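What follows is each chain in one-letter form.
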Amino acid sequence: MADRPEKPARGGHNKPALALHVPEPKFRPGDAVDFSHLEIPQAGLLARPDETAHPSQIGDFAHSLIRVLGDDNKAHGAWDPKLDPETLRAMLGHMALVRAFDERMFRGQRQGKTSFYMKCTGEEATSVAAAMALASDDMVFPSYRQQGILIVRGYPIVDMINQIYSNKADKLKGRQLPIMYSSREHSFFSISGNLATQCPQAVGWAMASAIKGDTRIAATWLGEGSTAEGDFHSACTFATVYNAPVILNVINNQWAISSFSGFAGAERTTFAARALGYGMAGLRVDGNDALAVYAAMQWAANRARANAGPTLIEHFTYRAEGHSTSDDPAGYRSAHEREEWPLGDPIMRLKRHLIELGEWDLERQAAMDLDCAERVKAATKEAEKNGILGHGMHHPFHTMFEDVFEELPWHLKEQAAQAIRERKVKWPGSLEE
Ligand SMILES: Cc1ncc(C[n+]2csc(CCOP(=O)(O)OP(=O)(O)O)c2C)c(N)n1
């Protein structure tokens, strides 16, 4: 064996030096915005493949964009889910309620009623239309921007607000960050702030459903930034290996807080195309087109129910506002992005479609908006009776030691005793009981 040189040569003499590519967003604060590089096909152009098609036959759908609502406000093509006007109005109503709810909760945070809130402005269709395409008992594993699912499933908004205020009526007893809801009755899995953990959980639940011979499928949602987490990839592996009845929704809203989608790999290929490497069906859909979202979700749900395999759906959309109440996007992206976003606003697009059908008008729209605002206001007032942040009307302190261990372990007993001693915390009965 040749001796190793004492000092290995650095660089490569006459070879080019190695270099890395560091992604950089196209537009920064103050920049003019031009989205003409985005390929946006006309609505209605794509065929709708058989729901049991082999992933290798439908690879193109991971690179194109399924669109139904055209610039003429009409529904086009094979993906039109042909929903009746009543269902379309319900869809519009749910999205409007989500937006009204977001507006009021955001203001509530600014007024000091809660510590934290996250809006989904511009992305309402990706949860509302998607949830409407599922059965109400299909199990959902959302991220933190899918409040639309709870609205569709009829979860009382007053209970959402109680959770956001962490007050004495909060069903989660103040143990979760505001907006990290959970509801077994609504088949809505507890939201976790640890990104992408919901993906393997959804796949595992779907596998269990199949093992039990059940008929319910699972669906999960995650942001495009979160697809860089290992959990997403483990989930894809298990989903395809076992043909789990699950739908993985990647909400590509272009930004992960201040990191643009390029940092999760958007410059290389689409997020829907991630599916292809796993041998999974991948669809890419206009996430601001509620009909296209519904249609893609329905396709994937039928596929899962037919034991034809999991689907990854990329919803191409735009986060119109800040990441959360703790974020100011003016610091990292151009304010013109929102105005220039070529796929419009999901609520406006569905509204115009209903008007085009002769099934809606501006008076009814105004009445609906007012009704949404009133409902949210009334629920807010109701929830405020149970307390807001800082009023001290939260669950009693000692409850934080409950519901986890059947018997309190010694170290928690020690902490509880310290709290009683030093902070004069009230404790029911004796610690030794
Ligand atoms: C494992 C983990 N890493 C980092 C964070 C901090 N964090 C919270 S939200 C977020 C951005 C996620 O962006 P994306 O997945 O695109 O979803 P979006 O917020 O755009 O809906 C980050 C980095 C976290 N909560 N968990």
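Everything quoted here is computed from the prediction, not taken from an experiment.

> Sorry, what's going on with the state of the cysteines here?
With the rule as written, the count across this model stands at 0 disulfides. Cys372 takes part in no disulfide bond, and the closest cysteine sulfur to it belongs to Cys120, at a distance of 13 Å. Assessed through its relative accessible area of 2%, Cys372 is described here as buried.

> Looking at this structure, how should I read helix α1 (residues 85-110)?
The periodicity of an α-helix, 3.6 residues per turn, causes residues three or four positions apart to be oriented the same way. In this model, α1 (26 residues) spans 38 Å end to end at C-alpha, consistent with the 38 Å of a helix rising 1.5 Å per residue. Downstream of α1 by a residue or two, Gly112 has a phi angle that is positive, lying close to 85 degrees.

> Got a minute to help me understand the site of the ligand in this structure?
The ligand sits among 15 residues. The nearest are Tyr144, Arg145, Gly193, Ser226 and Trp255. The separation between a nitrogen atom of the ligand and a polar main-chain atom of Leu195 is 3.3 Å. Taking 590 Å² as the accessible area of the ligand by itself, protein coverage stands at 72%. A per-class count over the shell around the ligand returns 5 nonpolar, 7 polar and 3 charged.

> Just checking my understanding: could you explain the packing of helix α2 (residues 124-132) against helix α8 (residues 290-305) for this structure?
Helix-helix packing is characterised by the crossing angle of the two axes and by the distance between the axes. Remark: α2 packs on α8, axes separated minimally by 8 Å, with the N-to-C direction vectors making an angle of 45 degrees. By the angle between their axes, α2 is oblique relative to α8. The chirality of how α2 crosses α8 is right-handed. Of α8, the residues touching α2 (which contributes Ala125, Thr126, Ala129, Ala130 and Met132) are Ala290, Val293, Tyr294 and Met297.

> Looking at this model, I keep getting lost on the nonpolar core. Mind explaining?
As a rule of thumb, soluble globular proteins bury nonpolar side chains together. Membership of the largest hydrophobic core comes to 77 residues, with the highest contact counts inside it found for Met91, Phe101, Leu134, Tyr181, Trp221, Ile247 and Met297. If one sorts the elements of this core by residue count, α8 sits on top with 12 residues. Within the second largest apolar cluster, 23 residues are counted, among which are Ala196, Val203, Ala235 and Ala275.

> Help me out: how do you make sense of a nonpolar patch on the surface in this one?
Residues Phe238, Val241 and Tyr242 make up a contiguous nonpolar surface patch of about 340 Å² in total accessible area. Along the chain, Val241 turns up in helix α6 (residues 230-241). For Val241, a relative accessible area of 54% gives the class exposed.

> Is there a simple way to think about the domain arrangement of the protein chain in this case?
Domain annotation for the protein chain reports domain 1 (55-325 + 334-384) and domain 2 (396-433). On a C-alpha basis, the centres of domain 1 and domain 2 stand 39 Å from each other.

> Please explain the pairing of strand β3 (residues 246-252) as it appears in this structure.
A regular strand places its side chains on the two faces of the sheet in alternate fashion. Burial analysis of β3 places 7 of its 7 residues in the buried class, which makes it a mostly covered element. Side chains of β3 alternate between two faces, with Val246, Leu248, Val250 and Asn252 and Ile247, Asn249 and Ile251 buried alike. Note that strand β2 (residues 218-223) and β3 share 6 bridges and pair parallel. Following the sheet pairing, Trp221 is matched in β3 by Asn249. Tracing the backbone out of β2, into α6 and back to the parallel element β3 gives a crossover that is right-handed. Here 6 bridges tie β3 to strand β7 (residues 311-316), and the two strands are oriented parallel to one another. From the neighbouring strand, Val250 faces β7, where its bridge partner is Glu314.

> Would you take a moment to explain the environment of Ser324 for this structure?
Here Ser324 is to be found in the loop between β7 and α9 (336-340). Accessibility expressed as a relative area gives 7% for Ser324, which makes it buried. With 206 residues separating them along the chain, Ser324 and Met118 place their C-alpha atoms 4.4 Å apart. Excluding anything up to four places from it in sequence, Ser324 contacts Phe116, Tyr117 and Met118.

> What exactly am I supposed to notice about the packing of α1 against α2 here?
Between α1 and α2, the shortest axis-to-axis distance is 10 Å and the interhelical angle comes to 140 degrees. Looking at the two axes, α1 sits oblique to α2. α2 is crossed by α1, and the crossing has right-handed handedness. On the side of α1, the interface is formed by Thr87, Ala90, Met91, His94, Met95, Val98 and Arg99, while α2 contributes Glu124, Ala125, Val128, Ala129 and Met132.

> Before we go on, may I ask you to explain the pattern of salt bridges in this structure?
Any two side chains of opposite charge can pair, given that their charged atoms come close. Scanning the model with the defined rule gives 24 salt bridges in all. Close ionic contact of Asp403 with Lys173 constitutes a salt bridge, the shortest N to O distance being 2.9 Å. Here Lys173 lies in the loop between α4 (157-165) and α5 (198-211) and Asp403 lies in the loop between α11 (362-384) and α12 (410-423), a separation of 230 residues in the sequence. Of the residues examined, Lys173 reaches a relative accessible area of 27% and is grouped as partly exposed. Each of Arg67, Asp286, Asp289 and Arg349 takes part in one network of salt bridges that share partners.

> Any chance you could explain the sheet that holds strand β6 (residues 281-286) here in plain terms?
The pairing of strands in a sheet happens through backbone hydrogen bonds and is either parallel or antiparallel. Spatially, β1-β2-β3-β7-β6 is the arrangement adopted by the 5 strands of the open sheet, whose pairing is parallel. Single-partner strands in this sheet number two, and they are β1 (139-141) and β6. Looking at each pair of strands side by side, their axes are set apart by 20 degrees on average, direction ignored. With respect to the sheet, α5 is in contact with β1, β2 and β3, its orientation differing from that of β2 by roughly 170 degrees.

> I keep staring at the side chain of Glu124 and nothing clicks. Help me out?
Along the chain, Glu124 falls in helix α2. Looking at Glu124, the relative accessible area reads 0%, which means it is buried. One polar contact links the side chain of Glu124 to the main-chain amide nitrogen of Gly122, over a distance of 2.9 Å. Dropping the residues within four chain positions of it, Glu124 is found in contact with Met95, Val98, Arg99, Ala129, Pro346 and Ile347.

Definitions and cut-offs
Residues numbered from 1 in each chain as written. Predicted model: local features only at pLDDT ≥ 70, side-chain atom pairs only at ≥ 80, totals over all residues. Heavy atoms only, no water. Disulfide = S-S within 2.5 Å. Buried < 20%, exposed > 50% of the residue type's maximum accessible area, 1.4 Å probe, protein only. Helix = DSSP H or I, 4+ residues; strand = E, 2+ residues; numbered from the N terminus. Expected span 1.5 Å × (residues − 1). Near = heavy atom within 4 Å. Polar contact = N/O pair within 3.5 Å; in protein donor to acceptor, adjacent residues only side chain to side chain. Areas by Shrake-Rupley, 256 points an atom, 1.4 Å probe, with all protein chains shown as cover. Nonpolar A, V, L, I, M, F, W, Y, C, P; charged D, E, K, R; others polar. Axes fitted to C-alpha atoms, helices over the stretch in contact; angles between N-to-C directions. Parallel < 35°, antiparallel > 145°, perpendicular 65-115°, else oblique. Left-handed = near helix turned anticlockwise from the far one by under 90°. Contact = heavy atoms within 4.5 Å. Core = buried A, V, L, I, M, F, W, Y, C linked by side-chain atoms within 4.5 Å. Patch = residues over 30% accessible without salt bridge, like charges linked within 9 Å, V, L, I, M, F, W, Y side chains within 5 Å. Salt bridge = Lys/Arg side-chain N within 4 Å of Asp/Glu carboxyl O. Domains from an automatic or database assignment. Pairing = 2+ DSSP bridges. Right-handed = clockwise from strand over helix to strand, strands pointing away.

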